[in-house]
Every structure is written in structure tokens, then in C-alpha cells.
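# Understanding the architecture of this molecule
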Amino acid sequence: MAAGTLITVAPTGAELAKADFPNLPTTLDELVATAKACADAGAGMIHVHLRDEQDRSCLDVARLTEAVAAIRAETDLLVQLSTGGGVTDSFEARIAVLDAAPDSCSLTCGTVNFGDEVFSNPWGLIVELYRRTQDLGVVPEFELFDLGHVATLHRLLDTYGPPATGRIHADLVMGVPGGMPGTAATLVAVAGQLPAGATFSATGIGRSALPVALTALAVGGHLRVGLEDTVTFAKGRPVKDNAELVERAATLADLAQRPPITGAAAREFLGLSPL
Ligand code: KMH
Ligand code: ZN
């Protein structure tokens, strides 16, 4: 069991509208301010989605490169870029995200119904993304929305070998309508199927946020929180901002006697060399 807890903040996502959630960080300035506040609150990594001027998912490589540099300049957070984007983003654009040279990227291990939409991740896309992470030395975080995605992760590693850093780190994304439920029993079952030596974070969408976080900590897992996944802090009480979700996660991690780790410690944890 890891001594500390990696807290990843997913502050924006691709689905919520700024008009509905004014506290969503969608400009570069807002993103950097959020990154700083979340690093101060205990985050070690940030999972980044950008938006364009029309508030749509933006995978423009120049803008992603600028965001990576801006976050690195102001914080020690590991920068993880989403290769998932939004459900309508092209595979080509999602693969090109790696040209922005992040520390880490999300890499979803299978297609899943995503509310009324389909989040498409065929085997060929998974392989292409994975091989590029191996070539570039980027840490892939394997996003698992369902038990079948764990089987695909095994197939990927068996076929193409370990990540460049040698560490296998997954993120259980639970409670998406169409994916695995965000329950303690499901988390324990899925965590038990991960490859030998793998570490994992977990996030529960909506009201599954707390049961998933508490169960993840209980079995040695790490945490992802943020407005991408959770907009309600407690019944009838909207989330104020991303930092308060990180603060709550840090409190839980402290209670579990596995305090939050810094970005520098997160680099070591995921097998990256120090900056
Ligand atoms: N926006 C979802 C369709 C990821 O970042 O890799 C996909 C997603 C996963 O958010
Ligand atoms: Zn995402």
C-alpha cells in the first residue's frame, strides 16, 4: 500500500457548460488559478480539458502546449492531458494531443455508453495512443469505465509490454450512466482484477463520489476529484470550486493516515524522473 495519496484534480471536463457552471475553469487564466489553488489544497496531478471560445472541447495542440507550460510555470503539479476529449472529437485530434508533451495522458481502455452518447475507444485507437506514450515516455493513466476495460488493459500490456516508465497506473471512473456502478462492491471487484503491481485512482460520478473515495482509500487506492465528475458537494449544496473538492479529498486522505503527496512525489510515484 502506498504511503501517501495521489489526488488528481479534474477541474473542467468536456461536458458541462460554463453558462450553467460559472465556476468551471475554461480560460487559461482560470485553469492556472485553479491549478494553483488545488496544488495548495493537496493535489499532485491535474487532468486537463481545454475549451474554445464557443465553450466546446478544444484539442488544439498549440493551446494544449501553452496550457502545459503555464501550469508547469506556476505549480509543481503533474500535467495530464485528456486524450478522451469530448464524445465528438476525432481520433486524429485525440492522438495529436500527445504532441503537446504532457507528463501523463488519460487513455481509455474501451468504448462505453456515456449517458445518451457513446464514448468511442476501439482497440486500434487504444493501441495507437499506447504506442505513442511508449515512444514519448508519457505516463498513460488507463481510464477504466467498466470491467471489460480491465480485460483490454491486460490484452494491451500482454501484447505491447509495460509503459515506458515501468509503472502501471489506472483510474476507475465509476458511476457514468452506461459504465460500472459507483459502489464499494464494484470497486473492490475491479481493483482485484488489475494487473499485478498496478496502482489505481478512483472517481465516482455525482452522488457516488464519496462512497468511491472512501472505498478507494480503504483498499490502498488514490483519488480523483473535480467538477468534471462532481457538481454537488452535499445534498442541495453545489460545489463552490475545485479546490474545496481537493480539500475534502485531502481531509479523507489524512484521516486514512495516507496524506496527500505533492507533485514532486507524484512524479516519483509514477516513475518519472525529477524535473
Ligand atoms: N469527456 C469524456 C467523453 C478522458 O478525459 O480521457 C471522456 C473523458 C475521458 O473525459
Ligand atoms: Zn476527462
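In this report, the structure presented in the accompanying data block is examined. As the structure is a computational prediction, the values presented were derived from the model and not from experiment.

### Focus on the overall build of the chain
The number of helices and strands found in the chain is nine helices and 14 strands. Taking 275 residues into account, the globule formula puts the C-alpha radius of gyration at 19 Å, and the chain, at 17 Å, falls close to it. Dimensions of the chain, computed from the C-alpha atoms along their principal axes, are close to 45 × 40 × 40 Å. Long-range pairs, those at least 24 residues apart, make up 72% of the contacts in the chain with a sequence separation of at least 6. Total accessible area on the chain stands at roughly 11300 Å², and carbon and sulfur atoms take up 55% of it. Across the chain, the centroid of the 19 positively charged side chains sits 3 Å from that of the 32 negatively charged ones.

### Things to note about the nonpolar core
Soluble globular proteins: nonpolar side chains tend toward being buried together. In terms of nonpolar packing, the biggest core is built from 66 residues, with Phe-142, Leu-144 and Leu-172 touching the most fellow members. The greatest single-element share of this core, amounting to seven residues, is contributed by helix α8 (residues 242-255). Sequence-distant contacts of Leu-172, defined by excluding residues within four places in its chain, comprise Leu-144, Met-180, Leu-187, Val-190, Ala-191, Phe-200, Ser-201, Ala-202 and Thr-203. Of all hydrophobic cores here, the second largest spans nine residues; its members include Met-45, Ile-261, Ala-266 and Leu-270.

### Examining the site of ligand 1
The environment of ligand 1 is made up of 13 residues, and the closest members are Glu-15, Ser-82, Gly-85, Ser-106 and Glu-228. Ser-82 places a side-chain nitrogen or oxygen 2.6 Å from an oxygen atom of ligand 1. The separation between an oxygen atom of ligand 1 and a polar main-chain atom of Gly-84 is 3.4 Å. Protein contacts shield 98% of the accessible area of ligand 1, which totals 300 Å² for the unbound molecule. For the shell around ligand 1, the per-class residue count stands at four nonpolar, seven polar and two charged.

### Things to note about the pairing of strand β10 (residues 169-174)
Within β10, six of the six residues are buried, leaving the element largely enclosed by the surrounding structure. Both faces of β10 are covered, namely the face carrying His-169, Asp-171 and Val-173 and the face carrying Ala-170, Leu-172 and Met-174. At this point the chain moves from strand β9 (residues 139-144), through helix α5 (residues 147-160), to the parallel β10, and the crossover so formed is right-handed. By the bridge criterion, six bridges tie β10 to strand β11 (residues 199-204) in an arrangement that is parallel. For Val-173, the partnering residue across the bridge sits in β11 and is Thr-203. With helix α6 (residues 184-191) bridging β10 and its parallel neighbour β11, the resulting β-α-β unit is right-handed.

### A word on the environment of Leu-24
Of note, Leu-24 is situated in the loop between β1 (7-9) and α1 (28-41). In this structure Leu-24 comes out as buried when scored by relative accessible area, which is 0%. Distance from Leu-24 to Gly-4, taken between C-alpha atoms, is 28 Å for residues 20 residues apart in sequence. Sequence-distant contacts of Leu-24, that is, excluding residues within four places in its chain, are made with Pro-11, Thr-12, Leu-16, Ala-17, Lys-18, Glu-30, Arg-51 and Leu-227.

### Topic: the state of the cysteines
As enumerated under the stated definition, the model contains zero disulfides in all. Here Cys-58 stays free of any disulfide, with the sulfur of Cys-105 as its closest cysteine sulfur at 17 Å. With a relative accessible area of 8%, Cys-58 lands in the buried category. Just so you know, Cys-105 is unpaired, no disulfide at all, and the nearest cysteine sulfur is the one on Cys-109, 10 Å from it.

### Observations regarding unusual backbone geometry
A positive phi angle is found at Ala-101, which is not glycine, with a value near 55°. Looking at the secondary structure, you find Ala-101 in the loop between α3 (91-96) and β6 (104-108). Judged by relative accessible area, which is 44%, Ala-101 ranks as partly exposed. Unlike most non-glycine residues, Gln-257 shows phi in positive territory, near 65°. Mapped onto the secondary structure, Gln-257 falls in the loop between α8 and α9 (263-269).

### Overview of the pairing of strand β2 (residues 45-48)
Here β2 shows no split at all, with Met-45 and His-47 on one side and Ile-46 and Val-48 on the other all buried. Both β1 and β2 contribute to a ladder of two bridges, which runs parallel. In the strand pairing of β2, Thr-8 is matched with Met-45. In the sheet, β2 pairs with strand β5 (residues 78-81) via four bridges, with the strands oriented parallel. Opposite His-47, over in β5, you have Gln-80 as the bridge partner.

The rules behind the values
Residues numbered from 1 in each chain as written. Chains lettered and ligands numbered in written order. Predicted model: local features only at pLDDT ≥ 70, side-chain atom pairs only at ≥ 80, totals over all residues. Heavy atoms only, no water. Helix = DSSP H or I, 4+ residues; strand = E, 2+ residues; numbered from the N terminus. Rg over C-alpha atoms; globule rule 2.2 N^0.38 Å. Contact = heavy atoms within 4.5 Å. Areas by Shrake-Rupley, 256 points an atom, 1.4 Å probe, with all protein chains shown as cover. Lys, Arg positive; Asp, Glu negative; His and termini not counted. Charge placed at Lys NZ, Arg CZ, Asp CG, Glu CD. Core = buried A, V, L, I, M, F, W, Y, C linked by side-chain atoms within 4.5 Å. Buried < 20%, exposed > 50% of the residue type's maximum accessible area, 1.4 Å probe, protein only. Near = heavy atom within 4 Å. Polar contact = N/O pair within 3.5 Å; in protein donor to acceptor, adjacent residues only side chain to side chain. Nonpolar A, V, L, I, M, F, W, Y, C, P; charged D, E, K, R; others polar. Right-handed = clockwise from strand over helix to strand, strands pointing away. Pairing = 2+ DSSP bridges. Disulfide = S-S within 2.5 Å.

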